[in-house]
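Chain and residue survey
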Amino acid sequence: MGTPRRGVLGRLVPVLMGSAVAAAGLLPLPVLSATPASASSAAAAFPTDTFTIAFQANTTALWESGGTGPGSLNTGLGMMRGTSPSTALGGCNGSGGQTAFQANTTDLWMITGNGHTTNTGLGMMPGTSPSVIAHYDSAGHIEYDVAFQANTGDLWRYNSETGRGTDLHLGMMRGTSPSIASTGGPDVEIAFQANTGDLWVTPGTTAGTDLHLGMMRGTSPSITRNYNNKSHFGIAFQANTGSLWVTPGTTAGTDLHLGMMRGTSPSYTVSGSGVPGIAFQANTGALWVTQDKPAGGVSTGLGMAPGTSPSIMAQTFTPSDGGTTRTVSGEPTVGKLYYHLGPKHWNCTGTVIGPDIVATAGHCIYNSTNHAFGGPPGIWLNAPTPDKFVPNDNSSGNHAAWSVQSIGYVTKHWHDGHAPDADFGVYVIKPRSDGAHIGNVVGIHKWKTSQGVNVASTPTYTIGYPQDYKDPRACNAPATRFNGDNSQLELNCTFADGGSGGPLSDSTGTAYASIGGFQQGGVNPFPSYGVVWNSAFAGLVAYAEGGGTTVAGASSAAPVPVTAAAH
């Protein structure tokens, strides 16, 4: 691995093939007036105190703004003229986060929320700007990744944890800058203008995909995760007409009919509540903000340095949920399932939904060694019988433990196909020594099934037992369809391992889903994912209630008894 040296320009490597093509249907450049007639009404609709914007002021110093003139801050840090900063999490003057920028030495520099600066020693292509993202690494620690155009013309990736840069060997249009986004775990996605003039994407590797959308020469895209809650990513860019466009990372795009200053680039983000925000320099020279729908742009009244671009960050969209997940006293129908296999101990969350039935995640009953224990991939095994199930388990006192039968139940869809939308299962709880049934003692949690979530979001209350918390944790957050799949849900809640199987209840207190599904609920604590309880889940419950004596059948919804592994 080589290291680009500041001030030593290398040959642009034309590794990307294809010709620069115009995006179909692009219209002539619309002109924005300095004060549009709709400015007052649009400003009232745009959320305040939601975003932090870092930009190079017309003094060439690094500034921050909340989207209005009052409260803007001059950091006093000089930047390379004509370049733009990138900020993640807390910004330059916040309590956390980092901002990446090209210093007036052309080196890549970073500054933390408490003012600590770092010169990475990596030379950048003069006139280009870096892009930084905060995300979890594979160990669950926050790290920062930076994408930038090196002084060789190649796309590079820098990691704050290792302090090293990597050449991705993808040629970029000279003078342009990439944009990086997190997948929610250790992986990233990068958007950039290739040296063909087309918009390209890459997962941070030497592999890339041409989206065949023509960009204004010399401009740069901006990519964000959770594109309007409909797909995994969204990209904003200046098309080769000079108009602001957005795309969900495919060959499809939408013209927002907002004219941009020629040669500048937008910045795109989505807040934790799903509110999109795009900051850009309008063709009037002012800093503007807009959502990701045509028209409706709002001028902040702040003048920008000619040829520069802003960076927008959602104040509530961080690798954690901002504190909405909290410790609670618990619920009588929700408890902890205790497991052990040899020296390993872990837990899942279960919900009492019948006189003898506890619902949990399918992967708590049947899982891969790779996901559960870090073993070889492709090997799936039966979980051991839980040592006990303790309803409303918390540190405030002793709670009765119930015994679990040695057979759990999942659907064939999960057992054979490991389908995320079938990541649910049930256990049968043994009657107490006096003959009492658990549902008659602690109560039965209301629940329902559906064909999926058909609305944009559902107010949801979640409770579970993540990691080693002595008390349960709960979260209130809207559940949104994940990646357009109405059987999969995403929540801005922090639930680590152990929260799997916890119920997702609607505003009436009725459980309709559980933690699990995509990445078995998430490879990192935030965000969390859920799977909707459907007719296959109802059939699973009926099968377990009947003692598993009926004919299971061969369909994907057929119940499969899972005999517990030996402890």
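As the structure is a prediction and not an experimental result, all values here were calculated from the model.

Basis of the calculations
- Residues numbered from 1 in each chain as written.
- Predicted model: local features only at pLDDT ≥ 70, side-chain atom pairs only at ≥ 80, totals over all residues.
- Heavy atoms only, no water.
- Pairing = 2+ DSSP bridges.
- Helix = DSSP H or I, 4+ residues; strand = E, 2+ residues; numbered from the N terminus.
- Axes fitted to C-alpha atoms, helices over the stretch in contact; angles between N-to-C directions.
- Phe/Tyr/Trp six-rings, centres within 6.5 Å; stacked < 30°, edge-to-face > 60°.
- Buried < 20%, exposed > 50% of the residue type's maximum accessible area, 1.4 Å probe, protein only.
- Polar contact = N/O pair within 3.5 Å; in protein donor to acceptor, adjacent residues only side chain to side chain.
- Contact = heavy atoms within 4.5 Å.
- pLDDT = per-residue confidence, 0-100.
- Salt bridge = Lys/Arg side-chain N within 4 Å of Asp/Glu carboxyl O.
- Disulfide = S-S within 2.5 Å.

Below, the discussion takes up the sheet that holds strand β6 (residues 107–112). One open sheet holds the 4 strands; their spatial order is β4-β5-β6-β7, and the pairing between them is antiparallel. The two strands at the open ends of the sheet, each matched to only one other strand, are β4 (86–88) and β7 (117–123). Shown here is a sheet whose adjacent strand axes are inclined to one another by a mean of 20 degrees, direction ignored.

The geometry of an aromatic ring pair comes down to the distance between the two centres and the angle between the two planes. One pass over the structure, following the stated rule, counts 11 aromatic pairs. With a centroid separation of 5.5 Å and an interplanar angle of 75 degrees, the aromatic rings of W380 and W414 are classed as edge-to-face. Of this pair, W380 sits in strand β30 (residues 380–382) while W414 is found in helix α3 (residues 412–417), placing the two residues 34 residues apart along the sequence. When its relative accessible area of 2% is taken as the criterion, W414 is described as buried. Both rings, one in F424 and one in F537, keep their centres 5.3 Å apart while their planes meet at 80 degrees; by these two values the pair is edge-to-face.

What follows deals with the environment of P559. Checked against the element boundaries, P559 lands in strand β40 (residues 559–563). A sequence separation of 16 residues divides P559 from Y543, and the C-alpha atoms of the two residues are 6.9 Å apart.

When you line up the elements, T219 lands in the loop between β15 (209–214) and β16 (222–227). Residue classification places T219 among the buried positions, given a relative accessible area of 0%. Within polar-contact distance, the side chain of T219 engages the backbone oxygen of M216 at 2.6 Å. Setting aside residues no more than four positions away along its own chain, T219 makes contact with T176, Q193, Q238, G263, T264 and S265.

Backbone geometry at T106 places phi at a positive 75 degrees, although glycine is not the residue there. Its place among the elements puts T106 in the loop between β5 (98–102) and β6. Positioned with a positive phi, H169 is a non-glycine residue whose angle comes to about 55 degrees. Looking at the element boundaries, H169 is found in strand β11 (residues 164–171).

Another point: the confidence of the model for the protein chain. With 76% of its residues at a pLDDT of at least 70, the protein chain reaches an overall mean of 78. Per-element confidence in the protein chain is highest for strand β28 (residues 357–360), whose mean pLDDT is 97, and lowest for helix α1 (residues 39–45), whose mean pLDDT is 28. Across residues 1–50, confidence stays below pLDDT 50; counting only partners more than four residues off in sequence or on other chains, it has 121 contacts. Here residues 316–323 scores under 50 on pLDDT; set against residues more than four positions off or in separate chains, the count is 23 contacts.

Scanning all chains against the criterion turns up 4 salt bridges. Of the charged contacts in the structure, one is a salt bridge between D145 and R157, with a shortest N-O distance of 2.9 Å. Residue D145 is found in strand β9 (residues 142–149), and its partner R157 is found in strand β10 (residues 154–159); the two are separated by 12 residues along the sequence. Here D145 falls in the buried class, since its relative accessible area comes to 0%.

We now examine the state of the cysteines. Counting across every chain of the model gives 2 disulfides. When the cysteines engaged in disulfides are numbered in sequence order, the protein chain pairs them as 1-2, 3-4.

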